[in-house]
Amino acid sequence: MDIKFENLNKIEKIEKDIEAIKKALTNSSQKRWLNVKELSQYLGYSKDRIYKLKNEYFIENIHYFKKAGKILFDRVAIDDWVVGKDKDDINQSQRQIVHNILSSIKKI
């Protein structure tokens, strides 16, 4: 097997590119808190679409939090929203809130 000398430089660049890709994949998959730009890249939506989802579907203090003038999205909650898992949790939470309110009214 003949390897041309000029291709040795390409192998080194390919190795560096692979390491950069690995690092990017590791960071994006492990990062829990995402800003609007990161979430748009993560979901493959435009930033405008992310804002629309935030206003129509996402719930503050569940799917996103406002801290120091920034909106930070919880990747775990967003993943649950994507697969529809959070609907049951939210419905259960709402039922618990109603139950607590009714219980407190009965005590009065």
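Residues numbered from 1 in each chain as written. Predicted model: local features only at pLDDT ≥ 70, side-chain atom pairs only at ≥ 80, totals over all residues. Heavy atoms only, no water.

(A) Representation of the environment of Val 36 in the model. Tracing the sequence through the fold places Val 36 in helix α2 (residues 36–43). Residue class for Val 36 comes out buried when judged on its relative accessible area of 8%. For the pair Val 36 and Leu 72, spaced 36 residues apart in sequence, the C-alpha to C-alpha distance is 7.4 Å. Residue contacts for Val 36: discarding those within four places in its chain leaves Lys 47, Ile 50, Tyr 51, Ile 71 and Phe 73. (Helix = DSSP H or I, 4+ residues; strand = E, 2+ residues; numbered from the N terminus. Buried < 20%, exposed > 50% of the residue type's maximum accessible area, 1.4 Å probe, protein only. Contact = heavy atoms within 4.5 Å.)

(B) Spotlight on the pairing of strand β2 (residues 64–67). Sheet topology places β2 next to strand β3 (residues 70–74); 4 bridges connect them, and they run antiparallel. Paired with Phe 65 across the two strands is Leu 72, which belongs to β3. Hairpin connection between β2 and β3: a loop of 2 residues separates the two successive antiparallel strands, and Ala 68 in this loop has a positive phi of roughly 50°. (Pairing = 2+ DSSP bridges.)

(C) Structural detail: the side chain of Lys 54. In this structure, Lys 54 sits in helix α3 (residues 47–56). This buried residue, Lys 54, is left without a salt bridge; Glu 60 holds the nearest opposite charge, at 6.9 Å. Apart from the residues within four sequence positions on either side, Lys 54 is in contact with Tyr 64, Ile 71 and Phe 73. (Lys, Arg positive; Asp, Glu negative; His and termini not counted. Salt bridge = Lys/Arg side-chain N within 4 Å of Asp/Glu carboxyl O.)

(D) Spotlight on the packing of aromatic side chains. Summed over all chains, the structure comprises 5 aromatic pairs. Aromatic pair Phe 58 and Phe 73: ring centres 6.0 Å apart, planes at 70°, arrangement edge-to-face. One end of the pair, Phe 58, is in the loop between α3 and β2; the other, Phe 73, is in strand β3, and 15 residues separate them in sequence. Both residues of the pair, Phe 58 and Phe 73, count as buried. An angle of 85° between the planes, with centres 4.9 Å apart, marks the rings of Phe 58 and Trp 81 as edge-to-face. (Phe/Tyr/Trp six-rings, centres within 6.5 Å; stacked < 30°, edge-to-face > 60°.)

(E) View of the confidence of the model for the protein chain. Per-residue pLDDT for the protein chain averages 83, and the proportion of residues at 70 or more is 83%. Per-element confidence in the protein chain is highest for β3, whose mean pLDDT is 96, and lowest for helix α5 (residues 86–107), whose mean pLDDT is 71. (pLDDT = per-residue confidence, 0-100.)

(F) Quick peek at the nonpolar core. Residues Leu 34, Val 36, Leu 39, Ile 50, Leu 53, Phe 58, Tyr 64, Ile 71, Phe 73 and Ile 78 constitute the largest nonpolar core, which totals 10 residues. Contributions of two or more residues to this core are made by α2, α3 and β3. Excluding residues that lie within four positions of it along the chain, Leu 39 makes contacts with Leu 34, Gly 44, Ile 50, Phe 58, Phe 73 and Ile 78. (Core = buried A, V, L, I, M, F, W, Y, C linked by side-chain atoms within 4.5 Å.)

(G) Geometry of the packing of α2 against α3. Orientation of α2 relative to α3, taken along the N-to-C sense of each, is 100°, at an axis distance of 9 Å. On the basis of their axis angle, the class for α2 and α3 is roughly perpendicular. Residues Val 36, Lys 37, Leu 39, Ser 40 and Leu 43 of α2 touch α3, and the partners they reach there are Lys 47, Ile 50 and Tyr 51. (Axes fitted to C-alpha atoms, helices over the stretch in contact; angles between N-to-C directions. Parallel < 35°, antiparallel > 145°, perpendicular 65-115°, else oblique.)

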